[in-house]
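Structural overview for review
Spelled out from the first residue to the last, the chains are:
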Amino acid sequence: SAVISQKPSRDICQRGTSLTIQCQVDSQVTMMFWYRQQPGQSLTLIATANQGSEATYESGFVIDKFPISRPNLTFSTLTVSNMSPEDSSIYLCSVGAGRSGNTIYFGEGSWLTVV
Amino acid sequence: AQSVTQPDIHITVSEGASLELRCNYSYGATPYLFWYVQSPGQGLQLLLKYFSGDTLVQGIKGFEAEFKRSQSSFNLRKPSVHWSDAAEYFCAVGSPRGSTLGRLYFGRGTQLTVWP
């Protein structure tokens, strides 16, 4: 398994500001992903964080709004830029781990409220 | 198009009763299926997964799931529910390999309430 730590776990942010969420894994992993879970909703994939190259974004998500870094195989950050109340969500980091790297584990999530 | 349907938004069962949570999927290739549980204020915990082999898979906390290709289903079951099982359950589908490995599509979740 993989142990995934996210910081911050919770935050209340002012409209128009930006916040960076950190994701740290206890082992090297090839695949890292960022998901969003809006209140009362399911999870939606934001992007795949690629080590050494630009992240791959899903439809509806853009780099200017959600810049992602992946400096090494154990760490990634997601920034939520110019926040509005609609960005109030849980943001979850996930990784592919296990023998084939295809068991997908999730962090505890970062609960953001934008006021 | 890839999609996951969990037809039951909310299920209530009595403690000790059996449980079945339904999940149907649509996926253009061999599916890789997961069930996760999310307790209030928590992240997602992996219950079990299926890619190949025995279509009945065992997971943690006494849960099991059965893959039925003909029905495009992956229903989660537990023979006797405990009060601590009250949570939200998510079914997800993805690819086990290649460039889309790890990119999961989730159902909307089923909220489980357990009565004492």
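Conventions used here
Residues numbered from 1 in each chain as written. Chains lettered and ligands numbered in written order. Predicted model: local features only at pLDDT ≥ 70, side-chain atom pairs only at ≥ 80, totals over all residues. Heavy atoms only, no water. Phe/Tyr/Trp six-rings, centres within 6.5 Å; stacked < 30°, edge-to-face > 60°. Helix = DSSP H or I, 4+ residues; strand = E, 2+ residues; numbered from the N terminus. Buried < 20%, exposed > 50% of the residue type's maximum accessible area, 1.4 Å probe, protein only. Disulfide = S-S within 2.5 Å.

Overview of the packing of aromatic side chains
All names here are of chain B. Per the stated rule, a full pass over the model turns up 15 aromatic pairs over all chains. Their ring planes at 40° and their centres at 5.9 Å tell us that Tyr 36 and Phe 106 sit as a pair that is tilted. In this pair, Tyr 36 is assigned in strand E5 (residues 32-38) and Phe 106 in strand E11 (residues 105-106), connecting sequence segments 70 residues apart. As far as burial versus exposure is concerned, Tyr 36 and Phe 106 are alike and both buried. Judged by centre distance (6.3 Å) and plane angle (40°), the ring pair of Tyr 50 and Phe 74 falls under tilted. Separated by 24 residues along the polypeptide, Tyr 50 in strand E6 (residues 44-50) and Phe 74 in strand E9 (residues 73-78) bring together distant segments of the chain.

Some remarks on the state of the cysteines
The final tally for this structure, using the stated rule, is two disulfides over all chains. Note that Cys23(A) is cross-linked by a disulfide to Cys93(A), the S-S spacing being 1.9 Å. Judged by the sign of its S-S torsion, about -65°, the cystine formed by Cys23(A) and Cys93(A) is left-handed. Residue Cys23(A) is located in strand E3 (residues 19-25), and its partner Cys93(A) is located in strand E9 (residues 89-97); the two are separated by 70 residues in the primary sequence. Its relative accessible area of 0% is what places Cys93(A) among the buried residues. The disulfide partner of Cys23(B) is Cys91(B), and the S-S distance across this bridge is 1.9 Å. One disulfide, between Cys23(B) and Cys91(B), carries an S-S torsion of -65° and so falls in the left-handed class.

What to know about unusual backbone geometry
The omega torsion of the bond from Lys7(A) to Pro8(A) falls at -5°, within 30 degrees of zero and hence cis. Relative to the helices and strands, Pro8(A) is located in the loop between strand E1 (4-7) and strand E2 (10-13). Positive phi is not limited to glycine here, since Asn82(A) has a value of about 45°. Among the structural elements, Asn82(A) can be located in the loop between strand E8 (75-80) and E9. Despite not being glycine, Ser72(B) has its phi angle at roughly 50°, a positive value. Its place among the elements puts Ser72(B) in the loop between strand E8 (64-68) and E9. Ser72(B) sits in the partly exposed class, given a relative accessible area of 26%.

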